[in-house]
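# Tertiary structure, described
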Amino acid sequence: MYDYDLLVVGSANADLVIGVERRPAAGETVLGSDLVVHPGGKGANQAVAAARLGARTALLARVGDDAHGRLLLDTQAGAGVDSAGVLVGGAPTGVALITVDPSGDNSIVVSPGANGRLTPEDVRGAAGLLRASRVVSAQLEIPLETVVEVVRNLPAGARFVLNPSPPVPLPAEVLAACDPLIVNEHEARVLTGGDPDGSPEDWAKALLALGPRSVVVTLGERGALVATGGEAAVGTARVPSVKVEAVDTTGAGDAFTAALAWRLSTGAPLFEAAAYAARVGAAAVTRAGAQESYPSAEEVAAL
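Let me begin by describing the structure that accompanies this report.

Quick notes on the rules
Residues numbered from 1 in each chain as written. Predicted model: local features only at pLDDT ≥ 70, side-chain atom pairs only at ≥ 80, totals over all residues. Heavy atoms only, no water. Pairing = 2+ DSSP bridges. Helix = DSSP H or I, 4+ residues; strand = E, 2+ residues; numbered from the N terminus. Axes fitted to C-alpha atoms, helices over the stretch in contact; angles between N-to-C directions. Contact = heavy atoms within 4.5 Å. Core = buried A, V, L, I, M, F, W, Y, C linked by side-chain atoms within 4.5 Å. Buried < 20%, exposed > 50% of the residue type's maximum accessible area, 1.4 Å probe, protein only. Left-handed = near helix turned anticlockwise from the far one by under 90°. Nonpolar A, V, L, I, M, F, W, Y, C, P; charged D, E, K, R; others polar. Parallel < 35°, antiparallel > 145°, perpendicular 65-115°, else oblique. Patch = residues over 30% accessible without salt bridge, like charges linked within 9 Å, V, L, I, M, F, W, Y side chains within 5 Å. Areas by Shrake-Rupley, 256 points an atom, 1.4 Å probe, with all protein chains shown as cover. Salt bridge = Lys/Arg side-chain N within 4 Å of Asp/Glu carboxyl O. Polar contact = N/O pair within 3.5 Å; in protein donor to acceptor, adjacent residues only side chain to side chain.

Within the open sheet, the nine strands sit side by side as E5-E4-E1-E8-E9-E10-E11-E12-E13. Their pairing is mixed. The strands lining the two open edges of the sheet, one partner per strand, are strand E5 (82–88) and strand E13 (235–239). The mean inter-strand angle of the sheet, taken between neighbouring strand axes irrespective of direction, is 15°. Pairing between strand E9 (residues 159–163) and strand E10 (residues 178–184): two bridges, direction parallel. Across the sheet, the residue bridging to Phe-160 is Cys-178, located in E10. Its contacts with the sheet place helix H1 (residues 42–52) against strand E1 (4–9), strand E4 (57–63), strand E8 (133–139) and E9, and it is angled at close to 160° to E4. Across the sheet, helix H7 (residues 185–192) touches E9, E10 and strand E11 (214–218), and the angle it forms with E10 is around 110°.

Pasting the structure below:
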């Protein structure tokens, strides 16, 4: 028996959000809405999203000893996440500066802060959490060497899910552990160095050739693509989208990843897990904010 369905290893940020009519061009100043502070960060977002769906979830992260850090700890506890693995101190809490336009699209700049101090030693110190988790999920808002250490300390039988955001070249040992590697269109193009006009199927085949066991390419309002198999025998399937009126896409990708990872922990096949995750992501974009927008399992079923 596992104590946790999902262990998320990743970032925890304060999201500083401003609504804008349009994004500024170089050298231009635009006026926006009042500043709103939300709990965020890809790691913290995924932990809250999974816990809201009913997953037994733990978070391994680092925050500062400051007001933003306390906000994040309180939010994790409120969602039912076990935050015993959240370390405090070493640097100020990470901050994400987010602008959201009227269509719901966003642009994000992240100051890592304490996230950059989550070290391989911290991973080794959390060996008990890793052993107790059926699925481990990570992103790249923490140091790459820390993600490498996660892979090296995965217990036998645990499944590793990686969203390589922001995208950087990945070591072979990390790629080989991914099941799946979850990327959006931008991340797929960066990791493959592929033709920007290529198809999602092309990107998936190129990604699989790098070594992951499976790949999921998220396509926004066009759904997602699931791909499995080696380079010579790639099997792909399209996951349909769920039509909703988008209000704010902030954190929707994290909701998708969390939902997929949780469903995998229950034994669901990858395509079924991705289809469920698409519904969760769709529900998330109908509300403002990241963690505040994440639905319960009942709300997903109603959608």
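Still more to cover.
Moving on: the nonpolar core. As a rule of thumb, nonpolar side chains are buried together in soluble globular proteins. Judged by nonpolar contacts, the single largest core of 45 residues is most densely connected at Leu-59, Val-216, Phe-256 and Leu-260. Mapped by element, the contributors of at least two residues to this core are E1, H1, E4, helix H2 (67–79), strand E12 (224–228), helix H9 (252–265) and helix H10 (270–284). Per-element tally for this core: the top contributor is H10, with nine residues. The residues contacting Val-216, other than those within four sequence positions of it, are Pro-180, Leu-181, Ile-182, Val-183, Ala-224, Leu-225, Val-226, Phe-256, Leu-260 and Leu-270. Within the second largest apolar cluster, 39 residues are counted, among which are Leu-7, Val-9, Leu-170 and Cys-178.

Right, let's talk about the packing of H9 against H10 for a bit. Between H9 and H10, the shortest axis-to-axis distance is 8 Å and the interhelical angle comes to 145°. Crossing geometry of H9 relative to H10 is assigned as right-handed. Here H9 contributes Ala-252, Ala-255, Phe-256, Ala-259, Leu-260, Trp-262, Arg-263 and Leu-264 to the contact with H10, which in turn contributes Leu-270, Glu-272, Ala-273, Ala-274, Tyr-276, Ala-277, Ala-278, Val-280, Gly-281 and Ala-284. Each residue belonging to the contact of H9 with H10 can be placed in one class, and the counts come to 15 nonpolar, one polar and two charged.

Below, the discussion takes up the packing of H1 against H2. Direction vectors running N to C along H1 and H2 enclose 20°, while the axes themselves pass 9 Å from each other. Put simply, H1 runs roughly parallel to H2. Handedness of the crossing formed by H1 with H2: left-handed. Counting all contacts with H1, which are made through Ala-44, Ala-47, Val-48 and Ala-51, the residues of H2 involved are Leu-72, Thr-75, Gln-76 and Ala-79. Broken down by class, the residue content of the contact of H1 with H2 amounts to six nonpolar, two polar and no charged.

A separate point is a nonpolar patch on the surface. Nonpolar side chains collect at one region of the surface, where Ile-18, Leu-35 and Val-37 lie side by side and expose about 230 Å² of accessible area between them. Within the element layout of this structure, Ile-18 appears in strand E2 (residues 13–19).

With respect to the element layout, Ala-127 can be found in helix H4 (residues 127–131). You can call Ala-127 partly exposed: its relative accessible area is 24%.

Read across the open sheet, the four strands follow the order E3-E2-E6-E7; overall the sheet is mixed. A single partner strand is all that each edge strand has here, and the edge strands are strand E3 (36–40) and strand E7 (106–111). Ignoring strand direction, the axes of neighbouring strands in this sheet form an average angle of 25°. Helix-sheet contacts for H2 involve E2, E3 and strand E6 (94–100), and the interaxial angle to E3 is about 55°.

Turning next to the side chain of Asn-13. For Asn-13, the position within the fold is in strand E2. Polar side-chain contacts of Asn-13 include one of 2.6 Å to the side chain of Asn-115. Setting aside chain neighbours within four positions, we find Asn-13 in contact with His-38, Pro-39, Gly-40, Gly-41, Leu-72, Gly-94, Val-95, Ala-96, Val-110, Pro-112, Asn-115 and Glu-141.

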